[in-house]
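What the coordinates show
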Amino acid sequence: MNRFDLAEQANHPRTQEDDFSKLVAHGLQRRRFLGVSATALGVTGFLGGLPFAASAASKHSPAGMAHNASNAVVSPRMGFAPVAANAADTITLPAGYKWDVVSSWGDPVLKGGQAFDAATRGSAASQALAMGDNNDGMSFFAMGKDHGVMAVNNEYTNYEYLFTSGQCASLEDTRKAQAAHGVTVFEVKQRGGKWQLQTGAPKNRRITANTTMRLSGPVAGSEWVKTKADPTGTTVLGTFNNCANGRTPWGTYLTCEENFNGYFGATAEMPADDTFKRYGISAKGAGYDWHKFDARFDLSHNPTEPNRFGWVVEIDPMDPSSTPVKRTALGRFKHENVEIVVNKDGRVVAYMGDDERGEHLYKFVSDARFDASNPSANSSLLDDGTLYVARFDAQQGALDGTGEWLELSAGKHGLTADKGFKTQADVLVHARLAATIVGATTMDRPEWVAAHPSGKQVYVTLTNNSKRGNDGQPVGGPNPRAKNSYGQILRWMPAGDDHASNTFSWDLFVLAGNPVVSPTSLKRGSPNVNADNMFNSPDGIAFDADGRLWIQTDGKYSNTGEFAGMGNNQMLCGDPVTGEIRRFLVGPVACEITGFSMTPDQTTMFVGVQHPGEDLAASHFPQGGTSVPRSSVIAISRVDGGVIGA
Ligand code: FEO
Ligand code: CA
Ligand code: CA
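To start, this report covers the structure provided alongside it. (Residues numbered from 1 in each chain as written. Chains lettered and ligands numbered in written order. Predicted model: local features only at pLDDT ≥ 70, side-chain atom pairs only at ≥ 80, totals over all residues. Heavy atoms only, no water.)

Next up on the list: the overall build of the protein chain. Within the protein chain one finds nine helices and 28 strands. With 646 residues in all, the protein chain has 61% of them scored as buried. Counting only contacts in the protein chain whose residues sit at least 6 apart along the sequence, the fraction spanning at least 24 positions is 65%. When the accessible surface of the protein chain is summed, it comes to about 21,300 Å², and 52% of that surface belongs to carbon and sulfur atoms. (Helix = DSSP H or I, 4+ residues; strand = E, 2+ residues; numbered from the N terminus. Buried < 20%, exposed > 50% of the residue type's maximum accessible area, 1.4 Å probe, protein only. Contact = heavy atoms within 4.5 Å. Areas by Shrake-Rupley, 256 points an atom, 1.4 Å probe, with all protein chains shown as cover.)

Structure follows, in structure tokens:
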């Protein structure tokens, strides 16, 4: 869901906007949530500032919030009763809510597709006609109250379920795996209160690791992306490891290529490319083994092929014959999602996280302005503009501060020819290396970015970072804990509400943690974390039209040790004004909850359940019994038909 859907929605209570305006007018009110001051703090100082560190009785009471008689926080934005953590193999929702499966891995999407065959798990040919695996980011494009198009990323695949043998051992297997990746576009209709995939509908489409796409922007045609098969460096086959997503106000879907490196390997000599290390490209690969059967992924034969991945790809979900476009001006890294904001001057700003330990947070600002009256005129807005990377500044030990966006342009800030940055293509293909040179802050794995519907604040999940404190990743500022197991959500406020401004202020909305297991260390988390809502590894985040922040987790579900009491991965709801966080959903065994979109009236929420039962854990979601577990898109609604979360 993104703010442009939200702007079109009428149901935006005035009182909530007023609350939020007051909050931002006073700056980022760190004390409300964190109970800490901006003065230098060690662990002791931080805990000393927690309003309830010594009192279990006040565990629900972050400083400065409104309370009711039972001392619970009162959020005017959340009307549901929280659900308890659990390890059940199903979806748990608050009382008064229900869910249905919209589509699962292997469901027939295109004409001629067959029902999922649990005995064989399908072939390369059947998979190419079916819903891909491991659904992740998604967007719903409404075509009417009960009809729309879903664009859903299929990030990767679990060989333990994709193949009855558990391995990719042939070209046929490789083609099947490639067909399980990419994006699935399909029409959905609501009938009898249930949203269902419409097999064979006109807008249905499979985009896979072999779909023809175009490269555009400064890198197109450069030496970096020329191959034997494509000497012009303009035409690429496919997209894969499509993690999260974005959508544009001109109606297109953006899919983000994340861990593309793992699909490449070398059967003989590795090319001498010293940039491969920073992007994790190795002779062995990550175990997908495509390079053993498809020479395109064999670095010994195609050393520049990996440069054609790691981009944001734009897709027209309404035209199945359109060519997807890789927008190179947005930089090459391990993209999580992209949050598009139209700035007050009309320029388009794209915020993006690079999900790896110690990598960075980026933004792109377009040169031209969005023209709402002429959608086709916006088709090259993401090709011309400026890329920036964030530096966060804080006094030692402080959990708030200021920051600066550092321009990544050839010839500026030390990005000189002698360092390898002669052209903008050099900078964009190796955005990570350029970011280091300009002094970007190393972050705790930036995942999704979400802008509040008012446009005044932007949030990013920093999911966790086992290496914080080592490898040149100093502890401090927005990354305050060494060996960070739990993660945090950072937010910033652009100076003057101007997303094109180079400066901002920031604070932490929440430090996740476990106050039961570690009540007296920084591992307990911020005061808005308590025994009833604790979680780890925030990943997906999105705002709805009323300013509720939906938080999805991709964390440890062992439910033991430092994760005891947290249960399965889950979805929570946060109030950006009061700081309260409530658990809304618990997923099935060994899954990740990822992917979020809503119908414009907010009465249906689409959520993704990814890799239930991964690593052969005992899950039979969603069909139960002894069925093969299958990643699925689910639709959540209220029994009374009301607005979700309210
Ligand atoms: Fe695909 Fe960073 O999660
Ligand atoms: Ca993710
Ligand atoms: Ca994650």
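Past the structure itself, the notes keep going.
Right, let's get into the sheet that holds strand S22 (residues 538-543). Spatially, S22-S23-S24-S25 is the arrangement adopted by the four strands of the open sheet, whose pairing is antiparallel. A single partner strand is all that each edge strand has here, and the edge strands are S22 and strand S25 (581-586). Looking at each pair of strands side by side, their axes are set apart by 25 degrees on average, direction ignored. Bridge count for S22 against strand S23 (residues 549-553) is four bridges, and the pairing is antiparallel. Residue pairing for S23: Phe543 is matched across the bridge by Leu549. (Pairing = 2+ DSSP bridges. Axes fitted to C-alpha atoms, helices over the stretch in contact; angles between N-to-C directions.)

Bringing the coordination of the calcium ion (ligand 3) into the picture now. Distances from the calcium ion (ligand 3) to its protein donors, Glu447 (OE), Asp539 (OD) and Asp554 (OD), fall at 2.3 to 2.4 Å. The two metals, the calcium ion (ligand 3) and the calcium ion (ligand 2), are separated by 3.8 Å and share Glu447 as a common coordinating residue. Taken as a pair, Glu447 in strand S18 (residues 446-451) and Asp554 in the loop between S23 and strand S24 (570-574) lie far apart in primary sequence, 107 residues in all. Given the relative accessible area of 1%, Glu447 is considered buried. On the basis of relative accessibility, which here comes to 25%, the residue Asp554 falls in the partly exposed class. (Donors = N, O, S within 2.8 Å, 3.2 Å for Na, K, Ca; no water.)

What follows concerns the pairing of strand S15 (residues 361-369). In this structure, strand S14 (residues 347-354) lies alongside S15, joined through six bridges in antiparallel fashion. Bridge assignment links Val349 to a residue of S15, and that residue is Val365. From the end of S14 to the start of S15, which pair antiparallel, there are six residues, and Gly358 there has a positive phi angle of about 80 degrees.

For the rest of this paragraph, the subject is the nonpolar core. Looking at soluble globular proteins, one finds that nonpolar side chains tend to be buried together. Grouped together as the largest cluster of nonpolar side chains are 61 residues, with contacts concentrated most on Phe240, Trp290, Met352, Tyr362 and Leu408. Listed in part, the 23 residues of the second largest apolar core include Val341, Ala390, Val458 and Trp506. (Core = buried A, V, L, I, M, F, W, Y, C linked by side-chain atoms within 4.5 Å.)

Glancing now at the sheet that holds strand S1 (residues 97-104). For sheets, the rule is that strands pair by backbone hydrogen bonds, running either parallel or antiparallel. Taken together, the four strands give an open sheet; going across it, the order is S1-S28-S27-S26, and neighbouring strands pair in antiparallel fashion. Across the chains shown, the open sheet's two edge strands, defined by having one partner strand only, are S1 and strand S26 (592-598). Taken over all neighbouring pairs, the strand axes of this sheet differ in orientation by 25 degrees on average, direction set aside. Relative to strand S28 (residues 632-638), S1 is paired through seven bridges, and the arrangement is antiparallel. Opposite Ser103, over in S28, you have Val633 as the bridge partner.

Attention shifts here to helix H7 (residues 171-180). With seven of 10 residues buried, H7 lies mostly within the body of the structure. By the burial criterion, the buried members of H7 are Asp173, Thr174, Lys176, Ala177, Gln178, Ala179 and Ala180. The elements touched by buried residues of H7 are helix H5 (124-127), strand S3 (147-154), helix H6 (159-162), strand S4 (182-191) and strand S6 (205-207). Positioned one or two residues after H7, Gly182 has a phi angle of 105 degrees, which is positive.

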